[in-house]
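Each chain, written out:
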Amino acid sequence: MDALERELTVLLRRARASSGEMAREVHPELEPAAYGLLARLYETGPERATLLAGYFGVGKATMSRQLRALEDLGLVRREPDPADGRAFLVQLTDEGRARFTHVRDARRQRYVRRLSGWNPAELGDLARLLRQLNQSQEGS
């Protein structure tokens with residue numbers, strides 16, 4: 001268990017540093033935590049702020065502040081939810097999608113280079129185990 005904790009700590013520290021770098025590549029004023037928010041919106045499409053807050057395990061006030069910053073940078077926009085006129089859906093703007101896609105594609109190329117020595121079965125196992133770890137953390 002000590003080795004697992006040590007390796008997860010290293011992985012998470014590196015991931016935080018990487019998120020900061022990628023956020024700055026998207027926009028120099030973007031907070032590191034906001035990169036993950038852009039990634040989620042890219043994957044899911046329009047989503048309510050309350051669902052985003054729940055997914056990331058942050059409070060509504062924190063999510064609202066992050067979304068406001070993204071809006072101010074022109075990376076996301078809010079539109080009324082057609083299913084509930086009192087609520088809003090958050091989605092990427094064309095500019096936000098283009099900037100995010102550019103950075104994501106560059107990151108994927110770095111992964112391809114770094115993992116080129118791994119065999120496909122190992123990569124599949126790693127992806128499966130990481131998914132299992134992530135799913136076990138949902139709702140914690």
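Our subject is the structure that appears above.
Numbers given to residues run from 1 along each chain, matching the order in which its sequence is written. Side-chain atom pairs in this predicted model are given and counted only at pLDDT of 80 or more, local residue features only at pLDDT of at least 70, and totals for whole chains, interfaces and linings cover all residues. Processing note: side-chain calculations cover all non-hydrogen atoms of the structure and skip hydrogens and water entirely.

K.L.:
Which residues make up the layout of surface pockets, and what are the values?
P.N.:
In this structure, the largest pocket spans a volume of roughly 2700 Å³. For the largest pocket, the lining is made up of 48 residues, of which L11, A15, Y111, L130 and N134 are closest to its centre. Counting residues per element, the ones that place at least two in the lining of the largest pocket are α1 (2–26), α2 (32–44), α3 (49–56), α5 (94–114) and α6 (120–137). Numbered from the N terminus, helices here are DSSP runs of H or I no shorter than four residues, and strands are runs of E no shorter than two. If you tally residues by element for the lining of the largest pocket, the top one is α1, at 16 residues. Looking at side-chain class alone, the lining of the largest pocket contains 24 nonpolar, eleven polar and 13 charged residues. Size it by volume and the second largest pocket reaches roughly 150 Å³. At the level of secondary structure, the elements contributing two or more residues to the lining of the second largest pocket comprise α3, α4 (60–72) and β3 (84–92). Lys, Arg, Asp and Glu make up the charged group, whereas Ala, Val, Leu, Ile, Met, Phe, Trp, Tyr, Cys and Pro make up the nonpolar group; the residues left over, Gly among them, are polar. Per-class residue counts for the lining of the second largest pocket are five nonpolar, two polar and three charged. Think of a 1 Å grid over the protein atoms and nothing else: a 1.4 Å probe that fits but is trapped marks a cavity, an open set flanked by protein within 12 Å on at least five of seven lines marks a pocket, and residues with an atom within 4 Å of a point count as lining. Grid points are joined across faces, edges and corners, and a volume is the space filled by probe spheres set on the points.

K.L.:
Tell me about the packing of aromatic side chains, and name the residues and values.
P.N.:
Aromatic rings from Phe, Tyr and Trp, with only the six-membered ring used for Trp, were paired whenever their centres fell within 6.5 Å, and each pair was classed as stacked if the ring planes differed by under 30 degrees, edge-to-face if by over 60, and tilted otherwise. As enumerated under the stated definition, the model contains three aromatic pairs in all. Arranged with centres 5.2 Å apart and planes meeting at 40°, the rings of Y42 and F100 form a pair that is tilted. Here the residue Y42 occupies a position in helix α2, and F100 occupies one in helix α5, the gap between them amounting to 58 residues. Look at Y42 and you get partly exposed, because its relative accessible area is 29%. For every residue, the accessible area obtained with a 1.4 Å probe (protein chains only) is divided by the maximum for its type, and the residue is called buried under 20%, exposed over 50%, and partly exposed between those limits. Given a relative accessible area of 3%, F100 falls into the buried group. Geometrically, the ring pair formed by Y55 and F56 is edge-to-face, given 5.0 Å between the ring centres and 90° between the ring planes. Residue classification places F56 among the partly exposed positions, given a relative accessible area of 33%. Taken together, the aromatic side chains of Y35, Y42 and F100 make up a single cluster linked through ring pairs. In this analysis the charged atom, NZ for Lys or CZ for Arg, is taken to sit over a ring once it is within 6 Å of the ring centre and within 35 degrees of the ring normal. One Lys or Arg, R40, reaches over the ring of Y55 and ends 3.7 Å from the middle of that ring.

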